[in-house]
Amino acid sequence: MKLNLLIVLSAFALASSCLGSLVQVTNFGSNPNNLNMYEHVPSNVKSPAALLVAIHCCTCSASTIYNGYEFVNFANTYGYIILFPEVTRSGKCWDVSTSKSLTRNGGSDSTIILTMIANMKTRHNIDASRIFVTGVSSGAMMTNVLLAEYPDVFKAGAAFMGVPYTCFATESGGDPSGSQAAGWNSACASGTVSKTAQQWGDIARAGDPGFSGTRPLVQLWHGSTDTTLNYANFAEEIKMWTNVAGVSQTPTSTDSPVSGWTRTKYGNTVEAYSISGVGHALPQTGMVQYMVTFMGLDKASTGTTTTTTTTTTTTAKTTTTTTTTTTTAKTTTTSAAGQTTTTTTASSGNCSAKYGQCGGTY
């Protein structure tokens, strides 16, 4: 049975007078589930640029996560690019349930997000060694999916209120390419799915069974009173990712950087934040800064700052990007494959603190 929730997104002070532009990209590649793709490229973007994939919660949108959290503030400060995938099916939940999405290159949502990343790399000077992923609730579930299936793509990930990879598996929740939301797994949501660290680790490694390289760093966040995606899932995630990293489940350090937060570190590869007395309502103000630092997105780039130039071209095959606000500039770039991408950019029109909320099934 599906549960209802209310995720209250944190209010925060903007790092600058306006957030900048949220830009839609269309015709980005194979897209059987009709997902939307948006991007934010700050005016001080570094070259090569780090890329953060930010994934929304159920009934939320790219605009929700763009406006409601601090991700864009820090992008504007540190010069990294953000990709915002968006679900269009009813319920706006990510497919973290079907075998297609829980299989590397299986063709559902997880694969389509990789197609978006590939498109970003053709149009921007992306540092392939600095691609990161984060998500909230359903988006946190997808974060764990991507880290397991594509460890060769991501350097690090941060999951705010997620569950272990495959925990939500079910084929009974509807067609992810259609109008129904992807499947609901009550046992996982209620925190009754428990495995050993070895079992979870084997499942995650099976996401890309041929991978033998360095695994992504993993950061986990969960509120201690979360009953929507039960707090017990936090411990299961820790089991999974410490086993994948080959480190003990016993923390190498424990501290409280902020009152009510308990941070445990497991070697240099996994860290986890338990937030006392908080339900399904993360991230809160200040948490994204810890994510940015963990990922190294605040580190000085080895590249140089670049400014986008404005040109206009016309070809028969185009990838278009649009916004819903007044147009201020148009940039057209052509990839090595000859595909032309037209980007229409505009001010977000937001010059004050943002508040947002979204509710849904997970």
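Above this text you will find the structure in question.
Here's a quick rundown of the structure. (Residues numbered from 1 in each chain as written. Predicted model: local features only at pLDDT ≥ 70, side-chain atom pairs only at ≥ 80, totals over all residues. Heavy atoms only, no water.)

### Describing the packing of helix α6 (residues 197-205) against helix α7 (residues 232-245)
Helix-helix packing is characterised by the crossing angle of the two axes and by the distance between the axes. Keep this limit in mind: Helix axes are fitted only over the stretch in contact, all axes being lines through C-alpha atoms; the angle between N-to-C directions runs from 0 to 180 degrees. The numbering of helices and of strands both runs from the N terminus, where a helix is a DSSP run of H or I of at least 4 residues and a strand a run of E of at least 2. The scheme is simple: roughly parallel for angles under 35 degrees, roughly antiparallel for over 145, roughly perpendicular for 65 to 115, oblique for anything else. Two helices crossing with the near one rotated counterclockwise from the far one by less than a right angle form a left-handed crossing, whereas a clockwise rotation gives a right-handed crossing. Pairs of residues are marked as contacts when any of their non-hydrogen atoms sit within 4.5 Å. Classification used: nonpolar for Ala, Val, Leu, Ile, Met, Phe, Trp, Tyr, Cys and Pro, charged for Asp, Glu, Lys and Arg, polar for all others including Gly.
It is at 7 Å that the axes of α6 and α7 come closest, and there the two elements cross at 65 degrees. As far as their axial angle goes, α7 and α6 are roughly perpendicular. Here α6 and α7 pass one another in a crossing that is right-handed. Residue-level contacts link Ala197, Gln198, Trp200, Gly201, Asp202, Ile203, Ala204 and Arg205 of α6 to Glu236, Lys239, Met240, Trp241, Asn243 and Val244 of α7. Along the lines of polarity and charge, the residues of the contact of α6 with α7 split into 7 nonpolar, 3 polar and 4 charged.

### Some remarks on the pattern of salt bridges
Rule in force here: We define a salt bridge as a side-chain nitrogen of Lys or Arg found within 4 Å of a carboxyl oxygen belonging to Asp or Glu. A 1.4 Å probe rolled over the protein chains alone gives each residue an accessible area, and that area as a share of the maximum for its type sets the label: buried under 20%, exposed over 50%, partly exposed in between.
Under the criterion given, the structure shown has 8 salt bridges. The shortest N-O distance in the salt bridge between glutamate 39 and arginine 123 comes to 2.8 Å. With glutamate 39 in strand β3 (residues 36-40) and arginine 123 in helix α3 (residues 109-123), this residue pair connects regions lying 84 residues apart in the sequence. Of the two residues, glutamate 39 and arginine 123, both sit in the buried class.

### Focus on the state of the cysteines
This is how the line gets drawn: Any two cysteine sulfur atoms lying within 2.5 Å of each other are counted as a disulfide.
Under the definition given, this model contains 3 disulfides. Between the sulfur of cysteine 58 and that of cysteine 93 lies a disulfide, 1.9 Å long from S to S. Here the S-S torsion is close to 130 degrees, and the disulfide linking cysteine 58 with cysteine 93 is therefore right-handed. Residue cysteine 58 is located in the loop between β5 (49-55) and α1 (62-68), and its partner cysteine 93 is located in the loop between β6 (81-86) and α3; the two are separated by 35 residues in the primary sequence. With relative accessibility at 1%, the residue cysteine 58 sits in the buried group.

### Topic: helix α2 (residues 71-78)
Residues spaced three or four apart along an α-helix point in a common direction, a consequence of the helix completing one turn every 3.6 residues. In terms of burial, α2 is largely enclosed, as 6 of its 8 residues are buried. Considered for burial, the residues of α2 that qualify are Phe71, Val72, Asn73, Phe74, Ala75 and Asn76.

### Digging into unusual backbone geometry
Residue proline 48 follows serine 47 across a cis peptide bond; omega there is 0 degrees. The topology assignment puts proline 48 in the loop between β4 (46-47) and β5. Residues leucine 282 and proline 283 are joined by a peptide bond in cis, for which omega reads -5 degrees. With respect to the helices and strands, proline 283 occurs in the loop between β12 (270-275) and α8 (287-295). Of note in this structure, asparagine 34 is not a glycine but carries a positive phi near 60 degrees. Examined against the element boundaries, asparagine 34 turns out to sit in the loop between β2 (23-25) and β3. Among the residues examined, asparagine 34 registers a relative accessible area of 48% and is labelled partly exposed.

### Some remarks on the pairing of β12
What counts is decided by this rule: What makes two strands pair is DSSP finding at least two bridges between them.
Burial within β12 is extensive, with 6 of its 6 residues counted as buried. The alternating pattern of β12 places Val270, Ala272 and Ser274 on one face and Glu271, Tyr273 and Ile275 on the opposite face, and all of these are buried. The pairing of strand β9 (residues 217-223) with β12 spans 6 bridges and is parallel. Bridging from a neighbouring strand, histidine 222 pairs with serine 274 of β12.

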